[in-house]
Amino acid sequence: MADEAPFQFLHNEVIQYIYKSAESGETENGRNIAKLENMGFRVGQGLIERLTKDSARFKDELDIMKFVCKDFWTCVFKKQIDNLRTNHQGIYVLQDNKFRLLSQLSAGKQYLEHAPKYLAFTCGLVRGALSNLGVKSIVTAEVSIMPACKFQIMIQKM
Amino acid sequence: MSRQSNRTTDSKKMNSELFTLTYGALVTQLCKDYENDEEVNKQLDKMGYNIGVRLIEDFLARSSIGRCQDFRKTADVIAKVAFKMYLGITPSVTNWSPAGDEFSLILENNPLVDFVELPDNHSTLVYSNLLCGVLRGALEMVQMAVDVRFAQDTLRGDNVTEIRMKFIKRIEENLPAGDE
């Protein structure tokens, strides 16, 4: 849809910008991923405030996760998370079989090494959203065959 | 979990907020990376240009607008189709120069600056400069060289946001030699 396009174009350009001046190398790459993740964090915080300002309090952690998988994902990516798994001990895995920000990159394994760049912002987005809902977490993502990917959320006890 | 809100308007609004917030995060990052506002302005313009050269293809694919016959038509398409499609607003086209090569886009409200205030130490920052680059890049891909700049900005205290666009020249397509 046309109203998704501005964000996608901007997101791609932000990634190009963050990476352009950097030399390649493990530490540089790590720093860039962290920069992208931090940007996503701030955006996630702001977005979740707007999205939930009129909602009732969430019952529990699982309720929050379901909200992220359904409402939050739908608002940001126009679809829901396809699969949510948890070990009921603070680890949640969110699976998106057709992640919007990867579908333009490739279908399959081509450019796999670049996928993390396209996931960092979203990891931050989720971490920021959870943070403003009172949940401290670490969010990572993993991809094996694009455009499917998994986001892993580890709840941190405060 | 049933929140019976109006989904379609909600999600449209959310998308523009996602874009607005992301843009804000970008400008914040640029201000950290560069010492002065001029550099940030230049960087925003460059990034906008990169987006523009790709956006034009997306635009042409989604709309079925053919080639514009003149600059007036171009202005109309930019204001009524492109801005509406991507940012959900329709600026008005005014202040045509007598020669018909320069006009203004007046934006009553600019979605990029929702929630934004410029701090005092960034008074020369052209916050929405990305838009200038986007317009410049997009039009270059359809053989028009234009100059785009902000003439008024609500962030800097003006009543409206005004983008001034000037037609410089038509870009001739360069055929490779020997391709007659």
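Residues numbered from 1 in each chain as written. Chains lettered and ligands numbered in written order. Predicted model: local features only at pLDDT ≥ 70, side-chain atom pairs only at ≥ 80, totals over all residues. Heavy atoms only, no water.

Peer 1: How should I be thinking about the overall build of chain B in this particular structure?
Peer 2: Broken down by element type, chain B carries four helices and four strands. N-terminal to C-terminal, the α/β element order of chain B is α-α-α-β-β-α-β-β. Per-residue burial over chain B gives 47% buried out of 180 residues. A fraction of 58% describes how many contacts in chain B between residues 6 or more apart in sequence connect residues 24 or more apart. As displayed, chain B has an accessible area near 9700 Å², and 48% of this comes from carbon and sulfur atoms. (Helix = DSSP H or I, 4+ residues; strand = E, 2+ residues; numbered from the N terminus. Buried < 20%, exposed > 50% of the residue type's maximum accessible area, 1.4 Å probe, protein only. Contact = heavy atoms within 4.5 Å. Areas by Shrake-Rupley, 256 points an atom, 1.4 Å probe, with all protein chains shown as cover.)

Peer 1: Would you mind showing me how to read the sheet that holds strand β4 (residues 149-156) of chain A here?
Peer 2: Residue and element names in this part refer to chain A. Here we have four strands laid out as an open sheet, ordered β1-β2-β4-β3, and antiparallel in their pairing. Both outer strands of the open sheet, β1 (83-86) and β3 (136-142), are each paired with one neighbouring strand and no more. Ignoring strand direction, the axes of neighbouring strands in this sheet form an average angle of 20°. When β1 meets strand β2 (residues 91-96), the two strands line up antiparallel, connected through four bridges. (Pairing = 2+ DSSP bridges. Axes fitted to C-alpha atoms, helices over the stretch in contact; angles between N-to-C directions.)

Peer 1: What is the right way to read the pattern of salt bridges from this model?
Peer 2: Where charged atoms from two side chains of opposite charge approach closely, those side chains can pair. This model, assessed by the stated rule, comprises 16 salt bridges over all chains. Of the charged contacts in the structure, one is a salt bridge between Glu 4 of chain A and Arg 100 of chain A, with a shortest N-O distance of 3.2 Å. With Glu 4 of chain A in the segment before α1 (5-20) and Arg 100 of chain A in the loop between β2 and α4 (115-131), this pair connects stretches of sequence that are 96 residues apart. According to the relative accessible area criterion, Glu 4 of chain A is buried, its value standing at 8%. For Arg 127 of chain A, the salt bridge goes to Glu 37 of chain A, with nearest N and O atoms at 2.8 Å. Note that Arg 127 of chain A is positioned in helix α4 and Glu 37 of chain A in helix α2 (residues 26-52), a separation of 90 residues in sequence. Taking the relative accessible area as the measure of exposure, Glu 37 of chain A reaches 15% and is therefore buried. Counted as one network, the salt bridges with shared partners bring together Asp 101, Glu 102, Arg 164 and Lys 166 of chain B. (Salt bridge = Lys/Arg side-chain N within 4 Å of Asp/Glu carboxyl O.)

Peer 1: It is not clear to me how the pairing of β2 of chain A should be interpreted in this structure. Could you clarify?
Peer 2: Side-chain positions along a regular strand alternate between the two faces of the sheet. All names here are of chain A. The buried fraction of β2 is high, at five of six residues. If you look at the hairpin formed by β1 and β2, you'll find four residues sitting between the two strands, and His 88 has a positive phi there, around 60°. Examined bridge by bridge, β2 and β4 share six bridges and lie antiparallel to one another. Note on β4: the bridge partner recorded for Ile 91 is Met 154.

Peer 1: What is the right way to read the confidence of the model for chain B from this model?
Peer 2: Close inspection of predicted coordinates is inappropriate in any region flagged by low pLDDT. Here chain B averages 89 in pLDDT, and 88% of its residues register 70 or above. Across residues 1-9 of chain B, confidence stays below pLDDT 50; counting only partners more than four residues off in sequence or on other chains, it has nine contacts. (pLDDT = per-residue confidence, 0-100.)

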